Amino acid sequence: MTTIAIDGPAAAGKGTLSRRIAEEYGFHHLDTGLTYRATAKALLDRGLPLDDEAVAANVARTLDLGGLDRSVLSAHEIGEAASKIAIMPAVRRALVEAQREFAGRKPGTVLDGRDIGTVVCPDAAVKLYVTASADVRARRRYNEIVANGGMADYDAVYKDVRRRDERDMGRADSPLRPADNAHLLDTSEMSIEAAFSAAKSIIDAVLKH
Ligand code: C5P
């Protein structure tokens, strides 16, 4: 049973990369960001507060990993709300438990998020830390919004990316940082294809041993 842990900041391209890797190796994939997003959305839908740890943790404990729908959960406001409840230790404990259970699926799993290599799966066979400059990440997110027919302001998108970084890296519980034995992959100058083949080379080299 093999686990591949993929961490990195918002809009670094981890999602696409993780899905491709899972497909390549025939592994199950969990985007753990969706677990934080689904918890936040359930609170918003029920008109519950985003700053009550006990309430949020109760919702997190009832989360069904089978019902995570990326198209519904990708909204910007849900991401913002997710990063607010993600600072709460009781919420993290509930979601990490579900994520660890998922990580045990056969024949193997790919989990992507912020704390997979450091907290959720510290014994993962391969750890990747995928990053890109804030400017490149903001540019990619901006292009994605526009390509989907939306309206966006580059400066606002850039500020959002920086604010999310600060919240994710600055929190006390499970801050975003590369695990000591993570392989760093800076995709600032890479296409998706190039990032995929770089990741595959790293994974193949590790799994061969
Ligand atoms: O990756 P995504 O943007 O969907 O994640 C939404 C938010 O959920 C992140 O900004 C982060 O605060 C939180 N998150 C986390 N730990 C993870 C995955 C996501 O704290 N493993």
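As the structure is a prediction and not an experimental result, all values here were calculated from the model.

(A) Region of the structure containing the packing of aromatic side chains. Counting across every chain of the model gives 3 aromatic pairs. Pairing Tyr25 with Phe27 gives two aromatic rings, centres 6.0 Å apart and planes at 40°, and the pair type is tilted. Grouping residues by exposure puts Tyr25 and Phe27 together as buried. Lying over the aromatic face of Phe196, Arg20 brings its terminal NZ or CZ to 4.1 Å of the ring centre. Seen from the ring of Tyr142, Arg139 lies directly overhead, with NZ or CZ sitting 6.0 Å from the centre.

(B) Up close: the site of the ligand. For the ligand, the set of nearby residues contains 14 residues, the closest of which are Arg37, Arg92, Asp115, Asp168 and Arg171. Separating an oxygen atom of the ligand from a side-chain N or O atom of Arg164 is a distance of 3.3 Å. Between Arg171 and the ligand, the recorded distance is 2.9 Å, taken from a side-chain N or O atom to an oxygen atom. Protein coverage of the free-state accessible area of the ligand, which is 460 Å², stands at 95%. Sorting elements by how many residues they give to the shell around the ligand places helix H2 (residues 33-45) first, with 3 residues. Residue composition of the shell around the ligand, grouped by class: 3 nonpolar, 4 polar and 7 charged.

(C) Highlighting H2. In this model, H2 (13 residues) spans 18 Å end to end at C-alpha, consistent with the 18 Å of a helix rising 1.5 Å per residue. Those residues of H2 that sit buried are Leu34, Thr35, Tyr36, Arg37, Ala38, Thr39, Ala40, Ala42 and Leu43. Tucked into the core, H2 has its buried residues touching strand S2 (28-31), helix H3 (53-61), helix H4 (70-73), helix H5 (76-85), helix H6 (89-103) and helix H9 (154-170). Looking one or two places after H2, you find Gly47, whose phi comes out positive at around 70°.

(D) Representation of the packing of helix H8 (residues 134-147) against H9 in the model. It is at 9 Å that the axes of H8 and H9 come closest, and there the two elements cross at 125°. When the axis of H8 is compared with that of H9, the two are oblique. Viewed along their axes, H8 and H9 form a crossing whose handedness is right-handed. Every residue of H9 that contacts H8 at Ala134, Asp135, Arg137, Ala138, Arg139, Arg141, Tyr142 and Ile145 is listed here: Tyr154, Val157, Tyr158, Val161, Arg162 and Asp165. Considering only residue class, the contact of H8 with H9 consists of 8 nonpolar, no polar and 6 charged.

(E) Structural detail: the environment of Ala38. Relative to the helices and strands, Ala38 is located in helix H2. Ignoring sequence-local partners within four residues, the contact set of Ala38 consists of Leu63, Leu68 and Leu73.

(F) Quick peek at the nonpolar core. Ranked by internal contacts, the top residues of the largest apolar core, which has 31 residues, are Tyr36, Val91, Leu111 and Cys121. Going through the elements one at a time, H2, H3, H5, H6 and helix H7 (116-120) are the ones with two or more residues in this core. Inspection of this core shows a minimum of three residues originating in each of domain 1 (1-27 + 108-209) and domain 2 (32-106). Look past the residues within four positions of Tyr36 in its chain and what remains in contact with it is Ala82, Ile85, Ala86, Val91, Arg92, Leu95, Val96 and Gln99. Counting residues in hydrophobic clusters, the runner-up holds 18 residues, among them Ile4, Leu17, Ala22 and Val126.

(G) Main features of the domain arrangement of the protein. One can read the domain layout of the protein as domain 1 (1-27 + 108-209) and domain 2 (32-106). For domain 1 and domain 2, the distance between their C-alpha centres works out to 19 Å. With 21 residues of domain 1 in contact, the opposing surface of domain 2 contributes 21 residues. Across the pair Asp115 and Arg92 runs a salt bridge whose closest N-O atoms are separated by 2.8 Å. For the interface between domain 1 and domain 2, the tally reads 10 residue pairs in polar contact (both at pLDDT 80 or more). Those elements giving two or more residues to the side of domain 1 that touches domain 2 turn out to be strand S3 (108-113), H7 and H9. Its residues assigned to classes, the side of domain 1 that touches domain 2 comprises 6 nonpolar, 5 polar and 10 charged.

Analysis parameters
- Within any chain, residue numbers begin from 1 and follow the written order of that chain's sequence.
- Local features in a predicted model are, by the rule used here, given only for residues with pLDDT of at least 70; side-chain atom pairs are given and counted only at 80 or more, and totals for whole chains, interfaces and linings are based on all residues.
- Derived side-chain values reflect all non-hydrogen atoms in the structure, with water molecules and hydrogen atoms excluded from consideration.
- The rule is short: rings of Phe, Tyr and Trp, with Trp giving its six-membered ring, pair when the centres are within 6.5 Å, and they are stacked under 30 degrees, edge-to-face over 60, tilted in between.
- Relative accessibility under 20% of the residue-type maximum defines a buried residue, over 50% an exposed one, and the middle range a partly exposed one, all with a 1.4 Å probe and only protein chains included.
- Consider the ring centre and the ring normal. A charge sits over the ring if Lys NZ or Arg CZ is within 6 Å of that centre and within 35 degrees of that normal.
- Here a residue counts as near a molecule or strand whenever at least one of its heavy atoms sits within 4 Å of it.
- By the criterion applied in these results, polar contacts are pairs of N or O atoms within 3.5 Å in which, for protein atoms, one can donate a hydrogen and the other can accept it, and in which residues neighboring in sequence qualify only through two side-chain atoms.
- All accessibility values rest on the Shrake-Rupley procedure with a 1.4 Å probe; residue burial counts only the protein chains present in the view.
- What counts as a helix is a DSSP run of H or I of at least four residues, what counts as a strand is a run of E of at least two, and both are numbered from the N terminus.
- Each residue receives one of three labels: charged for Asp, Glu, Lys and Arg, nonpolar for Ala, Val, Leu, Ile, Met, Phe, Trp, Tyr, Cys and Pro, and polar for the others, Gly being one of them.
- Here a helix's expected span is defined as the number of its residues, less one, multiplied by 1.5 Å.
- What makes two residues a contact is simply this: any of their non-hydrogen atoms within 4.5 Å.
- As a rule, the C-alpha atoms of each element are fitted with a line to give its axis, helices using only the stretch in contact, and angles between N-to-C directions run from 0 to 180 degrees.
- Any angle that is under 35 degrees is reported as roughly parallel, and any over 145 degrees as roughly antiparallel; angles of 65 to 115 degrees are reported as roughly perpendicular and all others as oblique.
- Each crossing gets its hand from how the near helix is turned against the far one by less than a right angle, where anticlockwise is left-handed and clockwise is right-handed.
- Grouping buried Ala, Val, Leu, Ile, Met, Phe, Trp, Tyr and Cys residues that are joined through side-chain atoms within 4.5 Å yields what is termed a nonpolar core.
- Reported domain spans reflect what an automatic or database domain assignment gives.
- Salt bridge, as applied in this entry: a Lys or Arg side-chain nitrogen positioned within 4 Å of an Asp or Glu carboxyl oxygen.

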